[in-house]
Amino acid sequence: MTNKLKVLRAEHDLTQEDLAQRLGVTRQTVNAIEQGKYLPSLGLALKMGKLFGKLVEEIFGEDA
Amino acid sequence: MNLKTYRQIRVLVALFLGFLISLAISLDNFMLAAIAVAAGAAVILLVKSKVKDVVVDERVQLIGDKAARAAYSILSLVLGIGSLLLVLFGRMKESNAYLEGLGYILAYLAIFSIMTYSAAFWYFDRKYGSGGKDDQ
């Protein structure tokens with residue numbers, strides 16, 4: 001599973017800490033998602049989509 | 001209070017608690033150890049309630065679930081094998097009769113651990129929707 005979280009975060013000029021606070025998770029969780037070590041729950045993925053104005057499938061995708 | 005300060009206080013409390021429990025053991029004072037543990041737990045709970053940052057999120061909960069499952073598996077296995085070995089060694093010589101008794105205690109602990117896990121699993125399985133009817 002790949003994701004564009006790091007790119008979207010950079011586009012919105014947010015640090016991992018900022019994003020974590022807005023999502024209500026720890027900074028370590030944001031880092032783990034960006035590195036592909038942790039898959040977020042559906043609720044958290046939807047929250048990310050809402051925050052960045054994207055669909056969940058635009059943020060997360062299967063490996064090519 | 002932020003997460004960093006909370007973690008620093010937690011380490012300090014743990015160190016102080018370790019010192020007090022060591023002191024209680026060396027003085028053979030059970031009450032000191034009990035009071036230290038209760039006070040330590042109260043301080044941690046109080047400090048945790050003052051933290052504004054997120055302390056536990058879904059990833060931390062997942063890690064906790066996995067750690068608990070691993071700990072349960074290892075503990076049950078060690079208790080089961082340990083109890084079997086102790087009972088066998090205990091029956092080899094009469095002078096080792098206390099080992100057999102200890103083996104039985106460990107065996108009962110293993111059974112209690114497995115029963116507790118099964119009961120908890122059954123409860124959470126029902127809570128999170130198992131056994132629902134097939135809605136056609």
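You'll find the structure just up there.
Here goes a summary of the coordinates provided. (Residues numbered from 1 in each chain as written. Chains lettered and ligands numbered in written order. Predicted model: local features only at pLDDT ≥ 70, side-chain atom pairs only at ≥ 80, totals over all residues. Heavy atoms only, no water.)

A word on the environment of A:I59
- Along the chain, the position of A:I59 falls in helix α5 (residues 56-59).
- Sequence-wise, A:I59 and A:T26 are 33 residues apart; in three dimensions their C-alpha atoms are separated by 19 Å. (Helix = DSSP H or I, 4+ residues; strand = E, 2+ residues; numbered from the N terminus.)

Some points on the nonpolar core
Residues and elements named next belong to chain A.
- By size, the foremost hydrophobic cluster in this structure holds 17 residues, and its most contacted members are L19, I33, M48 and F52.
- Listed by contribution, the elements that provide at least two residues to this core are α1 (5-11), α2 (16-23), α3 (27-34) and α4 (42-52).
- Excluding residues within four positions of it along the chain, F52 makes contact with L5, L8, R9, H12, L14, L19 and I59. (Core = buried A, V, L, I, M, F, W, Y, C linked by side-chain atoms within 4.5 Å. Buried < 20%, exposed > 50% of the residue type's maximum accessible area, 1.4 Å probe, protein only. Contact = heavy atoms within 4.5 Å.)

Quick look at the interface of chain B and chain A
- Contacts between the two partners involve eight residues from chain B, matched on the other side by eleven residues from chain A.
- Of the roughly 770 Å² buried at the junction of chain B and chain A (both faces included), carbon and sulfur atoms supply 50%.
- The interface formed by chain B and chain A holds zero salt bridges in total.
- Linking chain B with chain A are five residue pairs in polar contact (both at pLDDT 80 or more).
- In terms of residue count, helix α3 (residues 58-92) of chain B provides more of the side of chain B that touches chain A than any other element does, three residues in total. (Buried area = accessible area lost by both parts, 1.4 Å probe. Salt bridge = Lys/Arg side-chain N within 4 Å of Asp/Glu carboxyl O. Polar contact = N/O pair within 3.5 Å; in protein donor to acceptor, adjacent residues only side chain to side chain.)

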